[in-house]
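Survey of secondary and tertiary structure
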There are 4 protein chains.
Amino acid sequence: MNPEIAKLGHVSLVTPNLDKSLWFFHDVIGLEITERSSDTVYLRANGEFEHHSLILKAGDRAYMDHIGWRVKRPEDVELFEHLLKKSGTEVQKLPKGQETGQGDAIRFQMPTGHNLELYYDVEKPLAPEGERSVLKNQTHKSWNRGISPRRIDHVNVWTSHDPGGAHNWLTEQLGFKMREYIRLDNGQVISGWMSVTPLVHDIAVMAEPNAPTPARLHHVAYWLDNAQDVLRACDILREHGITPDQGPGKHGISQALFTYVRDPGSGHRVELFSNGYLIFDPDWEPVEWTEEELALGLTLWGPTDYIPHRDNHAMDQTTEA
Amino acid sequence: MNPEIAKLGHVSLVTPNLDKSLWFFHDVIGLEITERSSDTVYLRANGEFEHHSLILKAGDRAYMDHIGWRVKRPEDVELFEHLLKKSGTEVQKLPKGQETGQGDAIRFQMPTGHNLELYYDVEKPLAPEGERSVLKNQTHKSWNRGISPRRIDHVNVWTSHDPGGAHNWLTEQLGFKMREYIRLDNGQVISGWMSVTPLVHDIAVMAEPNAPTPARLHHVAYWLDNAQDVLRACDILREHGITPDQGPGKHGISQALFTYVRDPGSGHRVELFSNGYLIFDPDWEPVEWTEEELALGLTLWGPTDYIPHRDNHAMDQTTEA
Amino acid sequence: MNPEIAKLGHVSLVTPNLDKSLWFFHDVIGLEITERSSDTVYLRANGEFEHHSLILKAGDRAYMDHIGWRVKRPEDVELFEHLLKKSGTEVQKLPKGQETGQGDAIRFQMPTGHNLELYYDVEKPLAPEGERSVLKNQTHKSWNRGISPRRIDHVNVWTSHDPGGAHNWLTEQLGFKMREYIRLDNGQVISGWMSVTPLVHDIAVMAEPNAPTPARLHHVAYWLDNAQDVLRACDILREHGITPDQGPGKHGISQALFTYVRDPGSGHRVELFSNGYLIFDPDWEPVEWTEEELALGLTLWGPTDYIPHRDNHAMDQTTEA
Amino acid sequence: MNPEIAKLGHVSLVTPNLDKSLWFFHDVIGLEITERSSDTVYLRANGEFEHHSLILKAGDRAYMDHIGWRVKRPEDVELFEHLLKKSGTEVQKLPKGQETGQGDAIRFQMPTGHNLELYYDVEKPLAPEGERSVLKNQTHKSWNRGISPRRIDHVNVWTSHDPGGAHNWLTEQLGFKMREYIRLDNGQVISGWMSVTPLVHDIAVMAEPNAPTPARLHHVAYWLDNAQDVLRACDILREHGITPDQGPGKHGISQALFTYVRDPGSGHRVELFSNGYLIFDPDWEPVEWTEEELALGLTLWGPTDYIPHRDNHAMDQTTEA
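Below or above, wherever it landed, is the structure these notes cover. This one's a predicted model, so the numbers in the text were calculated from it and none came from an experiment.

**Brief notes about the interface of chain D and chain A**
- Contact with chain D, which involves 42 residues of that partner, is made by 42 residues of chain A.
- Ranking the residues of chain D by area buried against chain A places Lys136(D), Asn137(D) and Phe280(D) at the top, with a combined share of 19%.
- Put simply, chain D and chain A have 10 salt bridges between them.
- Put simply, Arg70(A) and Asp283(D) hold a salt bridge, and the shortest N to O gap is 2.7 Å.
- Where chain D meets chain A, there are 24 residue pairs in polar contact (both at pLDDT 80 or more).
- Elements supplying a minimum of two residues to the side of chain D that touches chain A: strand E1 (5–15), strand E5 (63–71) and strand E17 (287–290) of chain D.
- In terms of residue count, E17(D) provides more of the side of chain D that touches chain A than any other element does, three residues in total.
- Residue classes in the side of chain D that touches chain A are distributed as 19 nonpolar, nine polar and 14 charged.

**Quick notes on the pattern of salt bridges**
- Tallied over the full model, the rule gives 96 salt bridges over all chains.
- Residues Asp76(B) and Arg73(B) are paired through a salt bridge, measuring 3.4 Å at the closest nitrogen-oxygen approach. The pair formed by Asp76(B) and Arg73(B) is uniform in burial state, with each residue classed as buried.
- One salt bridge connects Glu32(C) with Arg145(C), and the closest N-O pair in it is separated by 3.5 Å. Of this pair, Glu32(C) sits in strand E2 (residues 32–36) while Arg145(C) sits in the loop between strand E8 (115–119) and strand E9 (151–159), placing them 113 residues apart in sequence.
- Within the structure, one salt-bridge network assembled from shared partners comprises Lys7(A), Glu50(A), Arg70(A), Lys124(A), Asp281(D) and Asp283(D).

**Focus: the pairing of strand E14 (residues 246–250) of chain D**
Residue and element names in this part refer to chain D.
- Counting buried positions along E14 yields five of five residues, so the element is predominantly enclosed.
- Both E14 and strand E15 (residues 256–262) contribute to a ladder of three bridges, which runs antiparallel. Looking at the pairing, Gln246 lines up with Tyr260 of E15.
- What sits between the antiparallel neighbours E14 and E15 is a turn of five residues, in which Ser254 has the positive phi angle 75 degrees.

**Looking at the nonpolar core**
- Core analysis: the biggest nonpolar cluster contains 163 residues, and Ile203(C) and Ile203(D) have the highest contact counts within it.
- Residue contacts for Ile203(C): discarding those within four places in its chain leaves Ile67(C), Trp69(C), Met110(C), His154(C), Val155(C), Val157(C), Leu170(C), Phe176(C), Gly192(C), Trp193(C) and Met194(C).
- Membership of the second largest hydrophobic core comes to 162 residues, among which are Leu22(B), Val41(B), Leu217(B) and Ile253(B).

**Looking at the sheet that holds strand E3 (residues 40–44) of chain D**
Residue and element names in this part refer to chain D.
- Spatial ordering of the open sheet is given by E2-E3-E4-E1-E5-E8-E7-E6, a layout of eight strands whose pairing is mixed. Edge strands, defined here as strands with exactly one partner in the open sheet, are strand E2 (32–36) and strand E6 (92–94). Here the strands of the sheet are splayed against their neighbours by 25 degrees on average, with no regard to which way each runs.
- Judged from the four bridges that link them, E2 and E3 form a sheet pairing that is antiparallel. Each residue of the ladder has a partner; that of Ile33, found in E3, is Leu43.
- The sheet contacts of helix H1 (residues 18–28) involve E1, E2, E3 and strand E4 (54–58), and relative to E4 the element is tilted by about 160 degrees.
- In this fold helix H2 (residues 76–86) packs onto E1, E5, E6, strand E7 (105–109) and strand E8 (115–119), with an angle of close to 30 degrees to the strand it touches most, E7.

**Some words on the interface of chain B and chain A**
- Between chain B and chain A, the contact holds 16 residues from the first and 16 residues from the second.
- Between chain B and chain A, a total of about 1,400 Å² is buried, with carbon and sulfur atoms accounting for 57% of that surface.
- If you look at where chain B meets chain A, you find two salt bridges.
- For Asp235(A), the salt bridge is made with Lys250(B), and the minimal N-O distance between the two is 3.2 Å.
- Here chain B and chain A share eight residue pairs in polar contact (both at pLDDT 80 or more) between them.
- Among the secondary structure elements, those contributing two or more residues to the side of chain B that touches chain A are helix H4 (227–239) and strand E14 (246–250) of chain B.

**Side note on the side chain of Asn275(B)**
- When you line up the elements, Asn275(B) lands in strand E16 (residues 269–275).
- Overall, the relative accessible area of 10% leaves Asn275(B) in the buried class.
- At 3.4 Å, the side chain of Asn275(B) forms a polar contact with the side chain of Ser274(B).
- At 3.2 Å, the side chain of Asn275(B) forms a polar contact with the side chain of Asn226(C).
- Asn275(B) has contacts with Trp223(B), Ala227(B), Gln255(B), Leu257(B), Asp225(C) and Asn226(C), leaving out every residue within four places of it along the chain.

**Some points on the environment of His10(D)**
Residues and elements named next belong to chain D.
- Considering the arrangement of structural elements, one finds His10 in strand E1.
- Placed 89 residues apart in sequence, His10 and Glu99 show a C-alpha to C-alpha distance of 11 Å.
- Not counting chain neighbours up to four residues away, the residues in contact with His10 comprise His52, Ser53, Leu54, Ile55, His66, Ile67, Gly68, Glu99, Gln102, Glu117, Tyr119 and Ile152.
- At 3.1 Å, the side chain of His10 forms a polar contact with the side chain of His66.
- Polar contacts involving the side chain of His10 include one to the side chain of Glu99, which spans 2.8 Å.

Thresholds, definitions, all that
Residues numbered from 1 in each chain as written. Chains lettered and ligands numbered in written order. Predicted model: local features only at pLDDT ≥ 70, side-chain atom pairs only at ≥ 80, totals over all residues. Heavy atoms only, no water. Contact = heavy atoms within 4.5 Å. Buried area = accessible area lost by both parts, 1.4 Å probe. Salt bridge = Lys/Arg side-chain N within 4 Å of Asp/Glu carboxyl O. Polar contact = N/O pair within 3.5 Å; in protein donor to acceptor, adjacent residues only side chain to side chain. Helix = DSSP H or I, 4+ residues; strand = E, 2+ residues; numbered from the N terminus. Nonpolar A, V, L, I, M, F, W, Y, C, P; charged D, E, K, R; others polar. Buried < 20%, exposed > 50% of the residue type's maximum accessible area, 1.4 Å probe, protein only. Pairing = 2+ DSSP bridges. Core = buried A, V, L, I, M, F, W, Y, C linked by side-chain atoms within 4.5 Å. Axes fitted to C-alpha atoms, helices over the stretch in contact; angles between N-to-C directions.

Such coordinate-based values are descriptive only and should not be taken to indicate function.
And the structure:
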């Protein structure tokens, strides 16, 4: 049986200003802290049972350290290791506990240079008494603080390499299915939204020809249950002196209701996100968006200017791997 | 006792393409038709009891014919007539029925040249059987068709004349109170939001130095009960092939949750609008926004580019008086 | 010129458990404290400029001390005093400062025994630095804590006396207009929704034949901008171990989107409320609901069982004057 | 490789009043018709690509004919056939086209007597020109008519047999995973929410000891993107003279934001549903709700009276198989 990825587990971000980043993700976004050391903090959203969906690490400059994926079965970590090595990918082993709360894992690079991690075992700590949700199917209280998202949703990465190659690699090596993509008139696929779950994307890989490094994070997305919750998030950002990077708006592709905002401590971009749709059809035909259809695909309504730096809180240090 | 204005009654718009404008306001916006002749259509929103809040009239070019205001008492039409004449304003009398569904009225111009109308008597026709709301405090069924707003909210006009003069005139002649305004560093008041009701504005008058005519409509606004209903409106516009002009977003001034869209038949701009706040304090201090505070005042979040023509459905013929 | 009431100012509630009531109104509802002494706390909502919209006072048992109304002009306090005395109502004078933050005031009883207060002068303290909204037209930050309503909306009182007499008295003495009412088949008017503002009601007076005292509070209502915010309020209540008393639902009368909940410290009922409609028509015809139409009038959708005590947090001490 | 179910495909309902049921599902709920014959109509929601998610069939009395499930791979229909037969389940073969729009299928009964159908091949007709969504990842226009849900979500069935036996059978024969369940103090599992997808349930099986037949439908659920859309649905139901059966409310179990309503043509119950949560954890521990926790599990907030017949539109003929 082929090994399989179950879900996006977490994103690990390095920040040159851990205090400010922690203020942003904890006080403003409203994630909960499950564990912290002097230079690293582990956070999760109120609906998440696993130890963390976000790692914040102090460092010299802002970059994404790795993207963590949880596999379906305990044996899948080792099965993936064999398959990856067989196809020539260099694989590093992480013993249990090297990443707090996590069992044995492996790390390797996508062809774009983005670091990926696979693991199965992970702790599921209870929320502290007094912060625990009244609901048994949720960990932390709803609406406890700040924006208060339910769970991590997806990660969106940019590359100066050929994204089409990365898409194929994700399919062949890791089993991601293409759900929607943009094809230019010259035939090049410049963006792809891919998933192993019914979400339209667990990961998107997009071309950014002029990027200073080949492997960049565009954003990590957290889920809110209602479009109205995203509008409330915009109010909260502004009350904290933070200007949304872009949004609110609705993409045609994935039908995502979104607002983007940058962590003022690091410049890393976060998407606050709701709506969208789910794919249960086993024979889903990937949706192609041509150059002509691109404007609608990117923007059903809302902002049309997808310029990386519009915001006075953006850092000079761009987010890079 | 001084005569008083009770409320914004209606806006009368001339359109070079009555069929298309009617499709927009009836099918897409979802207003209901109360009466029509060969070249004029009277419409209202589902929560309005009075005969019409919008008049669409066929004409050579797009312009706003007049803004109709309902006064508080029957005698106020004549009282206003006397006061206006005494202060040198030319007043035209409209006998009952000249505007369908409406009693005796007067017409006159603001110093900017915008035509205003005052009336008290107005018909309150029942909705036709089968379209009538199940609720006795509402006329037409909710959610009957298209966006389905509840009521007209306000009108926003632009002028190449001095808006400060217009603001003073509206206060002295008609009793409007200033609620919020923008003052430039040079002392000039360039925009004012004014009302006779607890709404932040029944009318706004804003400077547009380069306007081709001194008296233009910026937009007429229709109210929806929830921010989510404005997002739904954006979906509906796009499904009808119409791109919102700007939005969704939230103004700091008035805290309006808005989307703007242009009638593809005329280029007249409509605001679909919710949230905001009400002013009940009898000693409300008008809120001043300085040049430095202007960016936040115009955009709490959402679009920052208040450019009149972004939309391929905008007409060459701009909306003018 | 007749004196006029501008708005509902505040409600003063006595509670046998001030700590618990304060926890409820401050931590859970999210009102802000403007001032406190050993036995009294003054609170307001984030959109309110005046000193308080709620007074919590420690006492032996739960009852509503008084309802405060702000008049339109400084001289209206004295004008109302004369008119009330002339018609045989006993009037008590409260010198400036006797109620913290408030100028000269008068107190008197409705025919039902409910205590009313009229005042004009009131302090408008700024929010403390750090809690102040980024918006100049709002006092405290949005979404700062708990449910976070914008403003007080209305008060609903029950009486074992004839409510029709109270309605007439409110119209004749204080200028309230009837907006909607329930008339039984025997001709008796048992409930009336009345206002001096475009809100459908600033006050409702309803029959409760078996009440232990003639003058009871049914609820005080706080406003939220969106229906979704009321649903979020239900989540928050439950996360704090509080069961909504009734709701969510939508009344036909007033079209209120509501959830009721009792302060666990006192049993006083609060309505968390949105939507509804505004009345600008100067010749509004009060909407009559007959016995046959009553079911729809009370419940457009949602709970149909308007039983006072469904909730384990309700106190044995009912709310009474 | 074991055969797998991919998703809930459709529900087939028999109605004694096809015209009225079609009015309800097409005009009020807003489903789209893909095909019809004299006695059968095929419908789907605006976000569904497959031929139908609902079949309405004329008949003497109201009952659920079958629940259709789509399998993951073409060969899974036959693989399931073998496995089912091997374990003693009687299996009926349906050649391609016997159910319109659908390929080869099999039918068989759950131990409770509910009829299930498995198929892989299904037509994916385009929406007619003019009704097609502007979005390539959606079939029909959003908000075209009535409530306008996006897709079928799940089915909830009641049985007078032992539900625990049905749960085990669904796991062993068809691969459903238990997600949440209710266990009485006597050890009996009386309700289980089960899925093959990340939805909390594709199917729930609940005990109804006094049911007239062992195999009944409790409801079929359609999904809306926002809680506000469910509230709007309640407005629409009432404007069409239909009273929601129960709701709105939020279950603790599955965190479903719901309103129930009965088709006035048949009495079949429909859930209009949003929010909830998704399960991506491969080692999800089924959430147990004890008798003590049951009240919260059934009702986080909203109605607490789960009585089948509260509604004057309910039919004497209950929904049965």
